[in-house]
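One-letter residues, chain by chain:
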Amino acid sequence: VYKSYLSDGVSMASRVNARYYPRRIQILGLMVSTLVLFGDSVEMYLPSVITQDVSCELSLSPTQQHTLTIALYTAMAGANWFGIFFAARFGRKTTIILSIYMCLAFTTFCAIVPNYTLLFTSRILIGLGLGLSDPIVVTYMAELSPTREFYVTSVTVLSTAFSLGGGWSAMLGYLLL
């Protein structure tokens, strides 16, 4: 089957099918995707800000403190590649939902871990959840976008949400310390 692609890489068939989504589904998809990227940003930056407090409670060495952040970013990088294949097999919507549940479960687990090993493991699993969602939410919004203008607006909102999440977590970290 031949698919003609627009300049942004989305096929005409996807673009035509997106026109049949009701507007409320498109807006709901944008809101969920925005919350996912906002949460991703907070999850990435806030632990880096409050690492000093956690290191006192668990008596972590400086190497262990840095390893926690490195574990998250390394797992995210690997999951970005894995997420492409996972989304192709199970769908973008399923991948985003799985990512949200993984992040919620292991972030909650991070709050109650008693030692460094479990904290390190949960940070890796959070990184996998974050890495699954990051490239997929933008692609999902491309599927829901009936016009190029809505797509550009969606990507702008998603980028802004990620930046606002980082700023919010820095402010929250300042207030907590």
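A brief structural summary. (Residues numbered from 1 in each chain as written. Predicted model: local features only at pLDDT ≥ 70, side-chain atom pairs only at ≥ 80, totals over all residues. Heavy atoms only, no water.)

**Focus on the packing of helix α2 (residues 23–49) against helix α4 (residues 62–90)**
Packed helix pairs are characterised by how far apart their axes lie and by the angle those axes make with each other. As a packed pair, α2 and α4 sit with axes 10 Å apart at the nearest point and diverge in direction by 165°. It follows that α2 is roughly antiparallel to α4 by the angle criterion. When you trace α2 past α4, the crossing you get is left-handed. Touching E43, M44, Y45 and S48 of α2 are T69, L72, Y73 and M76, all from α4. Of the residues contributing to the contact of α2 with α4, the split by class is 5 nonpolar, 2 polar and 1 charged. (Axes fitted to C-alpha atoms, helices over the stretch in contact; angles between N-to-C directions. Helix = DSSP H or I, 4+ residues; strand = E, 2+ residues; numbered from the N terminus. Parallel < 35°, antiparallel > 145°, perpendicular 65-115°, else oblique. Left-handed = near helix turned anticlockwise from the far one by under 90°. Contact = heavy atoms within 4.5 Å. Nonpolar A, V, L, I, M, F, W, Y, C, P; charged D, E, K, R; others polar.)

**Some details on the packing of aromatic side chains**
Throughout the structure, instances matching the rule amount to 4 aromatic pairs. For the pair F86 and F90, a centre-to-centre distance of 4.7 Å together with 45° between the ring planes defines the contact as tilted. Of this pair, F86 and F90 both sit in helix α4, separated by 4 residues, roughly a single helical turn. Owing to a relative accessible area of 16%, F86 belongs among the buried residues under this scheme. Linked through ring pairs, F82, F86 and F90 together constitute an aromatic cluster. Over the face of the ring belonging to F90 we find R89, whose NZ or CZ atom lies 5.4 Å from the ring centre. (Phe/Tyr/Trp six-rings, centres within 6.5 Å; stacked < 30°, edge-to-face > 60°. Buried < 20%, exposed > 50% of the residue type's maximum accessible area, 1.4 Å probe, protein only. Lys NZ or Arg CZ within 6 Å of the ring centre and 35° of its normal.)

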